[in-house]
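Per-entry structural report
Each chain, written out:
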Amino acid sequence: MATSAPQLSNYKLTIAYDGRAFFGWQRHGEKPTVQFALEQAVTKAFGVRVAVQGSGRTDRGTHAHGQVASLSLPEDLPPALVQEKLNQFLPPEVRILDVRCAVKDFHACDSAIAKRYRYLIWNDRKLPEQHDGRVWHVKEPLDVQAMIDVCSVFIGEQDFASFATRTNFKQKSTRRTVFEAVLGNDLPMITFDICADGFLYKMVRNIVRAIVKVGEGRYTREDLCRILDAGDRQAAPGTAPASGLYLEQVFYSQDELSDNVSKRVLL
C-alpha cells in the first residue's frame, strides 16, 4: 500500500551571517556557502532534504543582518522549534534570528518588493582587529560632507547600467528605483545606506566606489551624473570591496517599506 507524501508548511527565516567564512550565499558544490550550510542544518535537524530559497545572492565576503529565506518543512512544526534546531546545527557564523509561518505561495526572492543594504567604511590609518574583513579600510582622510552631498544623485528611477558589473546578469532591465541613499558618519566609521526596489550585480559596491572617489576629491557631482547618463559600465570607476557590504532588510509589503523609509532622511 502506497504511503501518502507528508504534508509540508512554508516557513520564512530571517538570517544573519559573517560572510568571511563563506563563498557567498549560493550553493557551489561542496564549498562552504550560506545556502549549503542551511540545507545541511535542515537535513540534520529534521531528516529531510529541501531547497532553501534566499531573497538574493550575496557575494563572497559579503555579510547579512537581515537576509530572508523560505523553505518547506513538515507541517505544524512550531517556528520557535525550527529556529532552535537549525541554530543547533549551523556554524557559529550563521544565526537564525527569526522564524515565522508563511503563506503557501511566499517565496523569499519572488515575493520581495525592495531591499536595504548598508556599507561600512573605516576611515583611519589604523584598523581595529575586530573590523578586519567587516569594513572597507580607507586610510587617507575623506571629504565626508562632499560624499553626503552627492548621494541624492542616485535617488529615483534611473538606468543603473553604468553601475552593474555585468549588465546582462539575468536582468531584463537595468532600470531601478532607489528610495533612499543616505551617508552618515561617526568618524572614523562612515555608513552608507541604500534602499531600492532591486539591485543589479554589484550595484551597491560600484556606487560606493564612485562616492568614495568624490570623497577623495577625484570626482564631482557632475561626474556622477555623467556616469549615470552614459549607461555604460566602462564610464564608471571600479568596485568597492565586499568586506564592507551588509544586507540589512528585505521588504515584502508596501506599508512596511513606506513606514521604514518615512522614518529616515530622504535627500
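Our structure's up above, just so we're on the same page.
These lines cover the structure that appears in this document, whether it is placed above or below. (Residues numbered from 1 in each chain as written. Predicted model: local features only at pLDDT ≥ 70, side-chain atom pairs only at ≥ 80, totals over all residues. Heavy atoms only, no water.)

So, about the overall build of the protein. Broken down by element type, the protein carries six helices and ten strands. Against the compact-globule benchmark of 18 Å for 267 residues, the protein has a radius of gyration of 20 Å, which places it among compact chains. C-alpha atoms of the protein, sized along the principal axes, occupy 75 × 40 × 35 Å. The burial tally for the protein puts 50% of its 267 residues in the buried class. Put simply, 71% of the contacts in the protein that link residues at least 6 apart link residues at least 24 apart. (Helix = DSSP H or I, 4+ residues; strand = E, 2+ residues; numbered from the N terminus. Rg over C-alpha atoms; globule rule 2.2 N^0.38 Å. Buried < 20%, exposed > 50% of the residue type's maximum accessible area, 1.4 Å probe, protein only. Contact = heavy atoms within 4.5 Å.)

Here the focus is the packing of aromatic side chains. Taken as a whole and judged by the stated rule, the model has five aromatic pairs. Taking the centre distance of 5.0 Å and the plane angle of 85 degrees together, the rings of Tyr-117 and Phe-199 count as edge-to-face. Residue Tyr-117 is located in strand E5 (residues 114-123), and its partner Phe-199 is located in the loop between strand E9 (189-196) and helix H4 (203-215); the two are separated by 82 residues in the primary sequence. Taken as a pair, Tyr-117 and Phe-199 share a single burial class, namely buried. (Phe/Tyr/Trp six-rings, centres within 6.5 Å; stacked < 30°, edge-to-face > 60°.)

Keep in mind these numbers describe shape, not what the thing actually does.
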